Amino acid sequence: MRNEYPRPDAIRDSFISLDQKWDFDFDDQNIGHQEKWYQRHTFTQKIEVPFCFESKLSGIEDTSFHDNMWYHLVIPTPKHKADEDVIIHFEGIDYYSELYINGEKVCSNTSASTGFEANITDFLNNNDREEITIYAYDPGRERRIPKGKQDWQEKSHGIWYTRTSGIWKPVWIEVVNKERIKTFRFITSLSDNTLKIQLESSSKNGRLEVEVFDGNEKRNFSFGIDQIEAEYNCVFDSDYINERIWSIYRPFLFDITLKLIGEDGKIKDQIKSYCGFREVSTKDGKLLINGVPTYLKFMLYQGYFKNGILTPDSIETLKKDIQIMKDMGFNGCRIHQKVEDPYFYYLADKMGFLVWCECPSIYGYYHHNSIIQINEWQKIIDTNFNHPSIIAYTPLNESWGVEGIPYSKQIQAHAMALYYFIHSIDNTRLIISNDGWEQCQTDLLTIHNYGHGVSYSDPAYLDFKKALSTKENIFQYKNIRRFIFNEGYKYEGQPIMLTEFGGIALESASKGKNWGYTIAKGKTSFLNDLHRIYEGIAASTCISGICYTQFSDVEQEVNGLLTYDRVLKVEASEIKKLNDSLDFKF
């Protein structure tokens with residue numbers, strides 16, 4: 001069902017999709033290792049990869065707890081030469097996994113959000129029959145691992161939804177030369193009109209050739225390679241770059257071709273990618289994109305899909321979601337408690353749509369949380385660094401998993417460790433240290449407030465409007481009953497943004513366990529409530545950005561602007577008028 005090239009920002013000619021039906025079994029008794037299922041087992045089920053077994057698209061649709069599971073697939077031997085390697089990629093397996101090829105263990109991996117790759121060349125039989133086996137362990141009731149919005153109760157409740165276990169992102173194989181490009185980062189600078197390429201290769205010999213294409217003209221650069229890791233600078237004149245800057249109004253992208261040339265003069269590896277020249281900064285309480293103050297009009301995007309749960313059924317679905325948000329006047333989204341499909345970021349790059357990247361929360365603070373989250377963030381940034389649409393990272397949300405942060409110096413140190421670690425590996429983006437409240441050091445001051453009441457005369461609404469009106473009122477944390485900053489930290493002129501609000505549900509959908517933060521009796525009431533809330537925000541003399549909750553209904557949380565089936569509850573043009581009404585008041 002999903003057979004597109006899985007990494008649109010790093011395309012090679014070689015590609016074998018393994019998104020198809022695999023053999024599958026639950027291992028509820030946890031006997032698979034003892035009985036050596038990785039060598040021989042009669043599998044009793046089939047699963048459609050890359051969809052999790054809880055989803056309808058997997059063909060299984062079992063939402064009960066199954067912590068241990070096995071996958072198995074037989075494929076022909078990928079054609080490869082003596083100087084080539086066969087690499088298998090798993091873009092996402094939640095949570096712990098082991099890879100076996102022909103009964104031999106190749107490697108293991110631990111990550112909720114990102115995947116891994118493995119060189120399986122030496123494990124192949126080369127007899128045109130290769131067996132791939134994956135063991136996955138994802139403890140459904142365990143809260144001390146990255147869970148995000150995945151429910152630890154058997155049935156979804158509140159703001160938590162059906163779990164996603166095991167493989168949930170594409171699986172694929174590529175054949176590459178033993179002399180190849182291993183990793184690369186594009187760092188663009190508008191101050192000196194330079195494209196810096198940080199590249200790791202498997203050899204410290206040969207030459208790197210870079211082709212930069214703007215759609216009309218190609219510019220070529222050549223660099224000698226004398227070390228495995230190095231930085232190569234492609235310098236342009238200012239007029240050339242200034243006419244080709246990436247922005248939400250004109251998302252200009254350069255096509256980049258990287259060629260690794262061996263000492264024999266032959267092309268050993270070639271990757272097609274792209275980059276956008278853009279810079280993110282803050283000044284005078286505003287966020288700047290390429291030096292231009294930009295009022296952020298964001299949508300909270302959960303990235304849940306009715307039939308695939310965390311996995312979209314197609315790339316077209318993602319494209320439609322982004323286009324709908326743009327049609328409603330939003331210029332970006334906060335991907336909430338999830339690392340999205342690589343194609344979402346690619347489409348955001350192409351369509352000029354800003355993104356905040358977020359890591360699923362761990363619930364309950366333990367000293368090993370720091371190690372788990374640092375490992376997750378290292379992989380998240382390594383995987384998604386080259387997307388110009390990503391402008392900020394959110395390592396913590398509403399003190400989830402760090403509930404003692406106002407009083408615990410250890411937990412505050414954890415938050416600061418994440419802040420400085422992320423900046424140490426990516427200093428091109430902003431960081432919201434704890435979105436919502438109880439901030440330590442942060443690049444953006446973000447607050448959440450759902451206390452908008454039900455009418456203009458409602459005291460709750462009057463408090464909502466007053467609480468947002470000035471910096472001084474925001475720092476009094478009225479309505480949210482939380483400290484904005486933890487003791488020892490203070491406001492330093494950061495942009496102030498309301499990054500969760502709204503959450504209105506229609507009365508017709510609010511049955512049983514279905515809910516919203518407030519209930520509107522019909523579409524007219526729904527739209528009137530939105531007008532009232534936006535008027536309260538527009539009156540603020542200090543807010544420089546928003547993030548509305550939320551894009552669509554998800555299971556029992558029915559407070560989206562769209563239904564779970566992606567049907568608009570009111571016309572997109574009506575929402576756009578509200579977003580167009582927001583601008584800086586300072």
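Just above sits the structure.
Everything in this summary refers to the structure shown in the same document. (Residues numbered from 1 in each chain as written. Predicted model: local features only at pLDDT ≥ 70, side-chain atom pairs only at ≥ 80, totals over all residues. Heavy atoms only, no water.)

**Some remarks on the sheet that holds strand E12 (residues 171-177)**
So, point 1. If you trace the 4 strands from one edge of the open sheet to the other, you get E1-E12-E5-E9, paired in antiparallel fashion. Both outer strands of the open sheet, strand E1 (16-17) and strand E9 (116-119), are each paired with one neighbouring strand and no more.
So, point 2. With 7 bridges connecting them, strand E5 (residues 84-90) and E12 associate as antiparallel partners. Looking at E12, one finds that Ile 87 is bridged to Glu 174. (Pairing = 2+ DSSP bridges. Helix = DSSP H or I, 4+ residues; strand = E, 2+ residues; numbered from the N terminus.)

**Some words on the packing of helix H4 (residues 369-384) against helix H5 (residues 409-425)**
So, point 1. Following both chains from N to C, one finds H4 and H5 inclined at 25 degrees, their axes separated by 10 Å at the closest point. By the criterion of interaxial angle, the relationship of H4 to H5 is roughly parallel. In the packing of H4 onto H5, the handedness of the crossing is right-handed. Here H4 contributes Asn 369, Ser 370, Gln 373, Ile 374, Trp 377, Gln 378 and Ile 381 to the contact with H5, which in turn contributes His 414, Leu 418, Phe 421, Ile 422 and Ile 425. (Axes fitted to C-alpha atoms, helices over the stretch in contact; angles between N-to-C directions. Parallel < 35°, antiparallel > 145°, perpendicular 65-115°, else oblique. Left-handed = near helix turned anticlockwise from the far one by under 90°. Contact = heavy atoms within 4.5 Å.)

**Notes on the pattern of salt bridges**
So, point 1. By the definition in use, this model includes 32 salt bridges.
So, point 2. Of the charged contacts in the structure, one is a salt bridge between Arg 566 and Asp 321, with a shortest N-O distance of 3.0 Å. Of the two residues, Arg 566 sits in the loop between strand E32 (543-549) and helix H9 (572-580) while Asp 321 sits in helix H2 (residues 315-327), which places them 245 residues apart along the sequence. For the pair formed by Arg 566 and Asp 321, the shared burial category is buried.
So, point 3. Each of the salt bridges in this network shares a partner with another, and the network as a whole consists of Arg 334, Glu 358, Asp 435 and Glu 500. (Salt bridge = Lys/Arg side-chain N within 4 Å of Asp/Glu carboxyl O. Buried < 20%, exposed > 50% of the residue type's maximum accessible area, 1.4 Å probe, protein only.)

**Overview of the nonpolar core**
So, point 1. If you look at the biggest cluster of nonpolar residues, it comprises 82 residues, and the most contacted ones within it are Met 328, Ile 537 and Leu 561.
So, point 2. In terms of residue count, H5 provides more of this core than any other element does, 8 residues in total.
So, point 3. Those residues in contact with Met 328 that sit more than four places away from it in its chain are Met 299, Phe 551, Leu 561, Leu 562, Leu 568, Ala 572, Ile 575, Lys 576 and Asn 579.
So, point 4. Within the second largest apolar cluster, 30 residues are counted, among which are Phe 24, Phe 53, Ile 60 and Cys 107. (Core = buried A, V, L, I, M, F, W, Y, C linked by side-chain atoms within 4.5 Å.)

**A short note on helix H8 (residues 523-538)**
So, point 1. Over its 16 residues, H8 runs 22 Å from end to end, which matches the ideal 22 Å to within 8%, given 1.5 Å per residue.
So, point 2. Taken together, the buried positions of H8 are occupied by Phe 526, Leu 527, Asp 529, Leu 530, Arg 532, Ile 533, Tyr 534, Gly 536, Ile 537 and Ala 538.
So, point 3. Against helix H6 (459-469), strand E29 (496-502), strand E30 (504-506), strand E31 (518-520), E32 and H9 lie the buried residues of H8. (Expected span 1.5 Å × (residues − 1).)

**Let's talk about the sheet that holds strand E27 (residues 430-431)**
So, point 1. If you walk across this open sheet you meet the 8 strands as E27-E26-E25-E24-E23-E32-E29-E28, and the pairing is parallel. Lying at the two open borders of the sheet, with one neighbouring strand each, are E27 and strand E28 (445-448).
So, point 2. Relative to strand E24 (residues 332-335), strand E23 (residues 296-301) runs parallel, the two being bridged by 4 bridges. When the bridges of E24 are listed, Tyr 301 appears paired with Ile 335.

**Digging into the packing of H2 against helix H3 (residues 342-351)**
So, point 1. The interhelical angle for the contact between H2 and H3, taken along N-to-C directions, is 45 degrees, at an axis separation of 10 Å. Accordingly, the angle class assigned to the pair H2 and H3 is oblique. Like other packed secondary-structure pairs, H2 and H3 cross with a definite hand, here right-handed. Within the contact between the two elements, H2 uses Ile 315, Leu 318, Lys 319, Ile 322, Gln 323, Met 325 and Lys 326 and H3 uses Tyr 343, Phe 344, Leu 347, Ala 348 and Met 351.
So, point 2. Its residues placed into classes, the contact of H2 with H3 shows 9 nonpolar, 1 polar and 2 charged. (Nonpolar A, V, L, I, M, F, W, Y, C, P; charged D, E, K, R; others polar.)

**Some details on the environment of Trp 437**
So, point 1. Position of Trp 437 relative to the elements: it lies in the loop between E27 and E28.
So, point 2. Counting along the chain gives 26 residues from Trp 437 to Asp 463, while the straight-line C-alpha distance between them is 18 Å.
So, point 3. With residues near it in sequence (within four places) discarded, Trp 437 still touches Glu 398, Ser 399, Thr 446, His 448, Ile 480, Arg 482, Phe 483 and Ile 484.

**Regarding a nonpolar patch on the surface**
So, point 1. Where nonpolar side chains cluster on the molecular surface, the patch consists of Tyr 407, Tyr 477 and Phe 483 and spans about 350 Å² of accessible area.
So, point 2. Secondary-structure assignment places Tyr 477 in the loop between helix H7 (471-475) and E29. (Patch = residues over 30% accessible without salt bridge, like charges linked within 9 Å, V, L, I, M, F, W, Y side chains within 5 Å. Areas by Shrake-Rupley, 256 points an atom, 1.4 Å probe, with all protein chains shown as cover.)

**Comments concerning H3**
Structural remark: α-helix, 3.6 residues per turn; residues separated by three or four positions point the same way.
So, point 1. Summarising burial for H3: 8 of the 10 residues are buried, a large majority.
So, point 2. For H3, every residue scored as buried is listed here: Pro 342, Tyr 343, Phe 344, Tyr 345, Leu 347, Ala 348, Asp 349 and Met 351.
So, point 3. Among the residues of H3, the N-terminal cap falls to Asp 341, whose side-chain oxygen and the backbone nitrogen of Tyr 343 are separated by 2.8 Å.
So, point 4. Directly beyond the C-terminal end of H3, a positive phi value near 70 degrees is found at Gly 352. (Polar contact = N/O pair within 3.5 Å; in protein donor to acceptor, adjacent residues only side chain to side chain.)

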